[in-house]
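Chain and residue survey
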Amino acid sequence: MSASHLLSFILFMPFLGATLLFFVSNQRRAIVQGIAVTFAGLSLAGSIYAMAAYDFTKGGFQFQESYSWSKELGISFFLGVDGIGAPMVLASAMLMFAGIFVSWHIKDRLKEFYINLLILGSATIGVYMSLDLFFLFFFYELSVIPMYLFLTIWGRHTKGYLDMKKAGDPLSDSVAHFFNFNRSSKEYAAMKLTLYLSLGAVVALMGLLLVYVDSGLRTFNILEIAEKGSLLKAKESLYFWLIFLGFAPIAAIFPFHSWSPVGYAAAPAAASMMHAGVLKKLGHFTIIRICFFLFPAATQQWMPIIAVLCVINIFYGGLVAFLQKDTKFVVGYSSVAHMGYIFLGMASLNLISLTGAVFFLFADAMAMGLLFALAGYIYYQTKTLDIPSMRGLVTKMPFVATCFIIGSAASFGMPGAMNFIGELMVFLGSWKIYPVQTVLAALAITITWAYYFRMIRAMFFGEPDPKMAHLVDARGWVDRLPLVLLASMTIFFGIFPAPFLNVIQSGVAPIIARMEAPASIPAPAIAAEPASLPIDAIPPAAEAETKTEPADAAASGGD
Amino acid sequence: MPPLNWADLHLTLIAPELWMTLLSCIILSIDFIFPKFSKTALAYLSIAGMGLITLQLVGFALGGVRGSLFNSMFVLDSLAIFFKIFILVSTSLVILASIDYLKKVPLFRGEYYYLILFAALGMMFMASANDFLSLFITLEFSTFGFYILVAYLRDDIKSNEAAIKFFILGVLTAAMIAYGISLIYGSTGTIYFREIAALPTKNSVGLILGLLFVFVGLGFKVGAVPFHTWVPDVYEGAPTPVTTFLSITPKAAALAIFLRVVFSTFGDIRSEWTWFIAALSIFSMTYGNITAIAQKNMKRLLAYSGIAQIGNILIGMAAGTKMGGDALLFYMLTYLFANVGAFAVVIIFSNLTNKDDIEDLAGLNRRSPLLAFAMLLFLLSLAGVPPLAGFIGKVYIFAAAVHQKMFFLVTVGLINVIISFYYYLIVVKKIYTLEPKETTPIHLSMPMKVVIYAGIAGVILLGVWPQPFIEFSVAATSVFTGLAAR
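Just so it is clear, the model here is predicted, and its values are computed rather than measured.

According to the stated counting rule, one finds 74 aromatic pairs over all chains in the structure shown. An angle of 55° between the planes, with centres 5.9 Å apart, marks the rings of F150(A) and W154(A) as tilted. A residue pair is termed a helical-turn pair when its members lie 3 or 4 positions apart in one helix, as F150(A) and W154(A) do in helix 5 (residues 133-154) at 4 residues. As far as the burial class goes, F150(A) and W154(A) line up, both buried. For R480(A), the ring lying beneath its charged end belongs to F399(A), and the centroid distance is 4.1 Å. For R194(B), the ring lying beneath its charged end belongs to Y192(B), and the centroid distance is 5.3 Å.

Looking now at the environment of N419(A). One can find N419(A) in helix 19 (residues 418-431). Spatially, the C-alpha atom of N419(A) lies 44 Å from that of K71(A), the residues being 348 residues apart in sequence.

Attention shifts here to the nonpolar core. Residues Y114(A), F134(A), F292(A), M346(A), F132(B), M298(B) and M317(B) are the most contacted members of the largest nonpolar core, which totals 416 residues. Looking at which element gives the most residues to this core, the answer is helix 13 (residues 322-353) of chain B, with 21 residues. Once residues within four sequence positions are removed from consideration, M317(B) is found in contact with L255(B), F258(B), L259(B), V262(B), F263(B), W273(B), I277(B) and L328(B).

Before going further, it helps to examine the environment of E463(A). Residue and element names in this part refer to chain A. Mapped onto the fold, E463 is located in the loop between helix 20 (435-460) and helix 21 (477-495). Once the C-alpha coordinates of E463 and S348 are considered, the two residues, 115 residues apart in sequence, prove to be 47 Å apart. Here E463 is in contact with R391 and G392, once residues within four sequence places are set aside.

This part covers the side chain of H338(A). Residues and elements named next belong to chain A. With respect to the element layout, H338 can be found in helix 15 (residues 327-348). Overall, H338 belongs to the buried group, its relative accessible area being 0%. If sequence neighbours within four positions are ignored, H338 has contacts with F360, D364, M368, S411 and T448.

This part takes up the interface of chain A and chain B. Residue-level contacts link 36 residues of chain A with 41 residues of chain B. Buried area between chain A and chain B, both sides added, is near 3,500 Å², and the carbon and sulfur share of it is 77%. Two residues, R366(B) and D108(A), come together in a salt bridge whose shortest N-O distance is 3.2 Å. In this structure, the connection of chain A to chain B is made through 7 residue pairs in polar contact (both at pLDDT 80 or more). Counting residues per element, the ones that place at least two in the side of chain A that touches chain B are strand 1 (62-70), helix 5 and helix 8 (186-214) of chain A. The leading source of residues in the side of chain A that touches chain B is helix 8 of chain A, at 14 residues. Residue composition of the side of chain A that touches chain B, grouped by class: 23 nonpolar, 4 polar and 9 charged.

Attention now moves to the pattern of salt bridges. Counted according to the given criterion, the structure contains 22 salt bridges over all chains. A salt bridge links R289(A) to D82(A); the shortest N-O distance between them is 3.0 Å. Here D82(A) lies in the loop between strand 2 (75-81) and helix 3 (85-102) and R289(A) lies in helix 13 (residues 281-294), a separation of 207 residues in the sequence. For the pair formed by R289(A) and D82(A), the shared burial category is buried. One salt-bridge network, held together by shared partners, links K158(B), E161(B), K165(B), D233(B), E236(B) and R300(B).

The rules behind these values
Residues numbered from 1 in each chain as written. Chains lettered and ligands numbered in written order. Predicted model: local features only at pLDDT ≥ 70, side-chain atom pairs only at ≥ 80, totals over all residues. Heavy atoms only, no water. Phe/Tyr/Trp six-rings, centres within 6.5 Å; stacked < 30°, edge-to-face > 60°. Helix = DSSP H or I, 4+ residues; strand = E, 2+ residues; numbered from the N terminus. Buried < 20%, exposed > 50% of the residue type's maximum accessible area, 1.4 Å probe, protein only. Lys NZ or Arg CZ within 6 Å of the ring centre and 35° of its normal. Core = buried A, V, L, I, M, F, W, Y, C linked by side-chain atoms within 4.5 Å. Contact = heavy atoms within 4.5 Å. Buried area = accessible area lost by both parts, 1.4 Å probe. Salt bridge = Lys/Arg side-chain N within 4 Å of Asp/Glu carboxyl O. Polar contact = N/O pair within 3.5 Å; in protein donor to acceptor, adjacent residues only side chain to side chain. Nonpolar A, V, L, I, M, F, W, Y, C, P; charged D, E, K, R; others polar.

Encoded structure:
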């Protein structure tokens, strides 16, 4: 339909890189690294161009591409980004690119690591740009398995696993009894993550199949369902909950969060970056893309429940983070807490708060990416992430310490970082709708300050530990590039957020408009740019409409 | 009954079976006339012959050659062509995978190929069976070869035990089917599918009871719970290539008959049998997946996973629509490549170590990255992970059931997907994370390489470009005219 192949270029470059890597020997590290960097870089360049070229005055889904994939099932390979997708595609490409440098020094099976990372990166990118429910789910599922391999192959055991092993009884807790591996082992983390997310995925699949069947349109095309899916009105709440509960676990909403900190802690640095940075945001994104966009009435009805859950997320995540002794666990739980702010912004359902929430998604991706990259570097140097056993690292690694402080400052919402703007907008937007939750959430920022300051003080300041005398700072461009990239993004767009905010607002506005007047404006996003829909075999829509008319009339009469 | 009219007989329709008979006779004759003739060459000869027959069938499919013979006891329609091509392709892969394994079998290596071809011939007839009599005869015809094949390692006690179990239960099944057929004949006065389909009322007790007996028999053949008890033991005891064969081809052939019976003969009384198929499906999925978790032997694990997969496949049948049939056939295609591939890896290991424990796979990634990657793909395809074939198959089959509002069935199916993730991923973990006990690299022989590459190509191709295969399935089910579309 359109001549633009930009999105498929962004999406398939990492896949192509992964395919090429299969044919390179693991011994030739320079070639392996070169291929990975080249293809991730091409993808990053493409996504920067997409972000810059996105016309926010026009809004809607741009750079659309559509290819028929299966006529029988009504699936088309339909790509397009709006103001929400474009920044997240950029974030994914950026973290993938940074992740390749962060894992530069991996000794064991580097080639396989990069293959995994590239597949994970393009799967995430695929979700952010899919406009077809089937492919959205396809890429979502595809992103889970690389995480399993990351955790089991390159992961680390968490907490006191090794001590337990020394004590001679490695399998001595309730989990071990059932699953045959210990609660602190990386295998447990990997399996828990995979099963949690897959369980969510099948719930979502049920919801998606119901939407597919009940709409009577024989299509998975999101835009077409939004426009013509009047048959879906009857059971909107059911679809909303199936899809929400399906995708909320990956967004780590309470009480489905428990896989996430342990998952980050066990994962290698690049995988935690990807996961905390962009994979987790798939949850918010898919909820906005599917629930908010297709089921505005049910969303308005049920989001107040989420507004309560998100406060639990904020406090629970924050307080648990305060008690952790492992850097990655602190950052991991802080990430769980941040998800609460994003959900608060989403629950308020107005332009400012939702724009803030999406902006926060991007900001958190950068900050979490930075922090996990640093945690990975520190682990690579010290072989531990145990906070009490580290002291005075600032004398040995001032550059790392600086970046860590920037990342933490961003994460606790220091003015001048992107997160601050996101948080502020969420609070501003939510204040009128959920004053109690907003006040509580704002108060909880002090908890965030507390644990970040505590961690920074313990790790970087104080008398240097003589055992840590061998440490070296991030010196070469390979080590510094990802840190500089992410830190400068955070600060630069924290000071000049306008380009992002304009784009995001153009994506959020139609969703809010649909929410406020669902009957009169069927799909403003399509009105902005009429999409020539790829599937011509559409069952009689007229018949469907006549059937629902009485229901509509009854509904409006009731009002 | 009208007398057979020889003038109407078009032997073209039965030509693939005739060629197959000729091929198996040639293989057998060469083997005993020239005992020095290389057995490997026999294998390649069989594959070449089957390749030609497959080409003829493809020609039939494209040229629109259809028809029925012998008073429509034998029918060649698009469904039969689909399953015949399926049977020939899977048999060829199995023969390729057998070549290495058979070098270690001391006796009767030539007859092995003959028996495989002979069983395949029986199954090709099954795909065309169009009345209850030919159903019975072809079913027994194809099982006959398997009784011998399962016992092929005659000095191995497990192989003998497997054969006896298989034989006794197989004969019991035959008796059940025969009894069911007699009930059906008694209450309707006919054994032809089309005449039964044309009956105005089909709710007589004898007919329903007879149908249940036939279902039980077919349930045995496909290995659905609660008729699965022979599966794990026979799979474990039989020579691994025979297990591979047993795990895919007879299931396909039995499903061909199953589909004909339920979809075209009893398609209009769907409500009478759908609960039975749905119950088989639920039990098979749940039992298969949960029991698979506890397995220590790779062949047993794949046996239980196969039971669970049959449960998934039966979802499509329980839906009882044309879409269900399409999904079922497509699922069989995805299962073919993933399953044969996974078994090929097991064959390579049992050649190497003479054992097939899951523990032996530990550290496979260090010994042979290709094999480890292949096994990863096959297991993930069986689990249903994109972008592999199994994912599309699962979504397709669940979509068909959701169309029929079978929510309970779909929910059980989805939960089982998660359970199956667990045990497939445990194997993946062993392959990738553990350090191997032996570090010698594994060398793959040419035929095994071909099987592995075919499996990889199959699971990826069907996953990323399923459209031609879906069309192939849709064309095959076009024979079921009386069904709802979805």
